[in-house]
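Examining the three-dimensional arrangement
In case you want the letters, here they are:
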Amino acid sequence: MHPVPENTTLSSPTPPARSENQSPEQPSRHRGLKIAGAAMGILAILIVILILVWQWDWFVPYINRKASAALHRPVSIAHLHVRPGLKTTVTVDGLKVSQPQGFEKEKDDFASARAITVTVDIWRYLTGSGLSLPLIRVDAPRGDIVSLINGTNNYTFDTASQTSAQNSQTSGTPLPKLGKLEINDGDIRLALAKLKTDMHVLIHTEAPRNGDDGHLVIDLKGRYAQAPITGHIVGGALLGLADATHPYPIDGRLANGPTYVTLRGTVDDPMHFQGTNLALHFAGPDMSLLYPLTGVPIPQTPPYSVTGNLAYSNRAIRFQKFEGHMGSSDIGGDINVDPHQKPIFVEAALHSHSVDLADLGGFIGAKPGENTKSEPASSRVLPDRKINVPKLNAANIHLTYHGDHIRNKNWPLDNIDTELEVRDGAIDLKHLTFATGTGTISATAGLEPAQDEQFRTRFRMEVARLPLSRIMTSKDMFQGNGTIGGHVTLKSTGNSVATLVENGDGGATLVLDHGGDVTALLPDLLGLKLGSAVLSALGIPGRSKLECLVADLPLRSGIVHTNSMLLQTGNTRTMGTGTVNFHKDTLDYAITTRSVGPQILSLPGAVHIFGAMKSPTVMPGAELIGRVAAAVGLGIVFPPAALIPTIQLGVGRGSACEKAILEANEHPAAGITPGKTTGPGPASVPHTPPGANKHVSSSQHHLTPKQVRKAWKEKSNPK
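In this text the structure is predicted, and so the values were computed from the model without any measurement. Counting restarts for each chain: residues are numbered from 1 in the order of the written sequence. A pLDDT threshold of at least 70 governs which residues receive local features in this predicted model, and a stricter bar of 80 or more applies before side-chain atom pairs are shown or counted, although totals over entire chains, interfaces and linings include all residues. Hydrogens and water molecules were not included; the side-chain quantities draw on all heavy atoms of the structure.

**Observations concerning the state of the cysteines**
We call a pair of cysteine sulfur atoms a disulfide when they lie within 2.5 Å. For the structure shown, the criterion picks out 1 disulfide. The disulfide that involves cysteine 548 links it to cysteine 657, with 2.2 Å between the sulfurs. Taking the sign of the S-S torsion, 110° for the link of cysteine 548 and cysteine 657, the bridge is right-handed. Of this pair, cysteine 548 sits in strand 28 (residues 545–556) while cysteine 657 sits in helix 13 (residues 656–666), and the two are 109 residues apart along the sequence. Going along the chain from the N terminus, every DSSP run of H or I of four or more residues is numbered as a helix, and every run of E of two or more is numbered as a strand.

The following block contains the structure:
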């Protein structure tokens, strides 16, 4: 170490000279920049690291919780993918929405999808142009829609959720602008117990081709209303459903059991029900099978095929100007349905140019095509088959129908006109009118449901100036131009013609003026065997011309009584009295023939007709079986003049029946006044009870059936 020289002073080094422009703060600023640079570097490194390790699946648990809470059923997604950018694409893989509580036993999820992809135009949204979704794609969507027989279903969501959704719809928030909407391999199962339906709805979209916008394709398979169903429907692009400026095309066909439906045309603004131009075609073996498809109850019909225009608005569905055939009848008209009323309201105005009444059998409870005049095999005299009035409560209906020409071999009617209302299960037939020649047949009726599938019924039929020749065209023996008039009334409760009559009150008044040959007429009216026997018993000469037949028969609790009964030919006047019991299907009647003027041939006394209506017994009067006239004449009375207004309405003024009534009241047949030979006895045929013979003289003894038949044969065939 070298010594320091004396007189030398130790001091710190002299700092370099400072520049005139150098600031005293510059060193600290340099230090800040260095720190900021280091921080940015670290942040960049962290961002790079985050990008390298980032997983969008970190949000999956959060999404699952939120979606499950919103839908009130377990929701899960397998993966979440996001591709950021000005148009950001979000993809969800493996979406599953489980069944709600009570439907855990269903083998499939309530809803699922292999993948859902949505593209969002971020730039458009940030610039205030609204939300735009250029692409929505759903791959392999599945659904399992179930409704149980008790009405419980798996597609009704929580009321709060529904209210929130409704509020969001009405809040004025504009709908997003949609671009492409794609559905691939969709399959929705519908299992609706009340509709007896279990079918699959297969959905997919097709890409645009040949300059179109693409298509939505729907296929149906399975069972609907217990019948097999298949369908193929092709529509326009799915987004076209929301396009109010262009009609949406539809072309579809559907088969539900034996029913076949096609639909082709366009729909204007389908989201707002602005109008349609659709051709709808129905064909099948029975219109009643359309009920599951249309919700409109129709009685049974024969095979049919109809085509018309389908239109709808937000208030009604209309099937307009349809034409076609039903059985051998043509059918056309307009049908309007208001589905908003409960029950739905149907207004139908129908017409036919040529109609066979057999085709309308289903509307009166018969089978379509069945001869409405024939009766089913039964032990009852009147038809006892249950009246078929289907689904009365399914709809309220107002129906008008007019047939220009009727083709029917049994009833040669000219036309038909009717108006019908169904309201809350009750039927009101305002009128059913047939024209035939110069006459008309018109009926009104009411049918109101009662207990045990029965109906409270009111019925009235009026017949005015109906030509007998039109009814008897199928009877070769009949000749004449008689006229029929009268009315029938009934008020009752029942479920068949037989029960309605046996429980009913009302009656019938019949007038037949100039009825032609009695020998041909009565066997047809009463049946060949009974009619011939009655003619023989009455002693009316063959080929006698019927001038008048009047019957006034009240019905009380199912038993027909006789106010008046008059049959008059040129030389004879026959009157009758008695009862017809529809509870037992028996009759108990007596008729007597008298000469109007001088008569060379003797006429028999009272003739008794009694027993089962299907095979009654016809017996001669008192002089044959030994009873006195006073006991068996049964108090036969002349027809009252009060019937004259009915006669004038039914067959016209100045008719032979009008004259016959006046003559019967003013000039009794053969000068015999009421009660002189018939006695004041009751108006029912008295049968001699067992053991009563001992009180009768030997001249009035009771004959055995064999003796009666022998005596009757001898009287009917004198030597």
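**Description of the side chain of asparagine 256**
In this structure, asparagine 256 sits in strand 12 (residues 248–256). Two N or O atoms count as a polar contact when they lie within 3.5 Å, although within protein this holds only if one can serve as hydrogen donor and the other as acceptor, and sequence-adjacent residues are included solely when both atoms are side-chain atoms. Within polar-contact distance, the side chain of asparagine 256 engages the backbone oxygen of tyrosine 224 at 3.1 Å. In terms of polar contacts, asparagine 256 uses its side chain to reach the backbone carbonyl oxygen of proline 228, at 3.4 Å. Every residue pair with non-hydrogen atoms within 4.5 Å of one another is taken to be in contact. If we ignore the near neighbours within four places in the chain, the residues touching asparagine 256 are Tyr224, Ala227, Pro228, Ile229 and Leu293.

**Description of a nonpolar patch on the surface**
In this scheme, patches are assembled from residues that exceed 30% relative accessible area and form no salt bridge. Like charges are connected within 9 Å, while nonpolar side chains (Val, Leu, Ile, Met, Phe, Trp, Tyr) are connected within 5 Å. In these tables, accessible area is a Shrake-Rupley quantity obtained with a 1.4 Å probe, and a residue counts as shielded only by the protein chains included in the view. For this analysis, a salt bridge means a side-chain nitrogen from Lys or Arg found within 4 Å of a carboxyl oxygen belonging to Asp or Glu. The grouping of Trp56, Trp58 and Phe59 at the surface amounts to a nonpolar patch, some 310 Å² of accessible area in total. Considering the arrangement of structural elements, one finds tryptophan 56 in the loop between helix 1 (26–53) and helix 2 (60–71).

**Considerations on the side chain of threonine 301**
If you trace the backbone, threonine 301 turns up in the loop between helix 5 (291–294) and strand 15 (304–312). A polar contact is formed between the side chain of threonine 301 and the backbone nitrogen of methionine 287, at a distance of 2.9 Å.

**Some words on the nonpolar core**
Residues belong to a common nonpolar core when they are buried Ala, Val, Leu, Ile, Met, Phe, Trp, Tyr or Cys residues joined through side-chain atoms within 4.5 Å. Residue burial is assigned from relative accessible area. The probe radius is 1.4 Å, only protein chains are included, and a residue is buried under 20% of its type maximum, exposed over 50%, and partly exposed in between. Grouped together as the largest cluster of nonpolar side chains are 69 residues, with contacts concentrated most on Phe282 and Ile416. In this structure, Cys548, Leu643, Ile644 and Ile647 belong to the second largest nonpolar core, which totals 13 residues.

**Comments concerning the pattern of salt bridges**
Inspection of every chain in the model, using the stated rule, returns 12 salt bridges. Between aspartate 251 and arginine 264 there is a salt bridge, and its shortest N-O distance comes to 3.4 Å. A residue pair is termed long-range when its members are at least 10 positions apart, and aspartate 251 in strand 12 and arginine 264 in strand 13 (residues 259–268) qualify at 13 residues. Taking relative accessible area as the criterion, aspartate 251 reaches 34% and is therefore assigned partly exposed. Of the residues examined, arginine 264 reaches a relative accessible area of 57% and is grouped as exposed. Arginine 458 is the salt-bridge partner of aspartate 428, the closest N and O atoms lying 3.0 Å from each other. Here aspartate 428 is found in strand 23 (residues 426–436), whereas its partner arginine 458 is found in strand 25 (residues 455–467), with 30 residues between them in sequence. Looking at aspartate 428, the relative accessible area reads 23%, which means it is partly exposed.

**Some details on the pairing of strand 3 (residues 87–97)**
Two strands pair when backbone bridges link them, and strand 1 (residues 75–76) and strand 3 are joined in this way by 2 bridges, in the antiparallel orientation. In the strand pairing of strand 3, valine 75 is matched with valine 97. The sheet contact formed by strand 2 (residues 79–83) and strand 3 spans 5 bridges and is antiparallel. In the sheet register, histidine 79 faces strand 3, and the bridge partner there is aspartate 93. A strand pair is defined by DSSP finding two or more bridges across the two strands. The turn joining strand 2 and strand 3, which pair antiparallel and follow one another in sequence, is formed by 3 residues; a positive phi near 155° is taken by glycine 85. The pairing of strand 3 with strand 4 (residues 111–121) spans 10 bridges and is antiparallel. If you follow valine 92 over to strand 4, its bridge partner there is isoleucine 116.

**A few points about helix 12 (residues 644–651)**
Taken across its 8 residues, helix 12 has 6 buried, putting it largely inside the fold. Among the residues trailing helix 12, glycine 652 stands out with phi positive, at a value near 110°.

**Describing the environment of proline 84**
Looking at the element boundaries, proline 84 is found in the loop between strand 2 and strand 3. The exposure class assigned to proline 84 is exposed, which follows from its relative accessible area of 63%. Distance in space between the C-alpha atoms of proline 84 and threonine 119 is 9.9 Å, their sequence separation being 35 residues.

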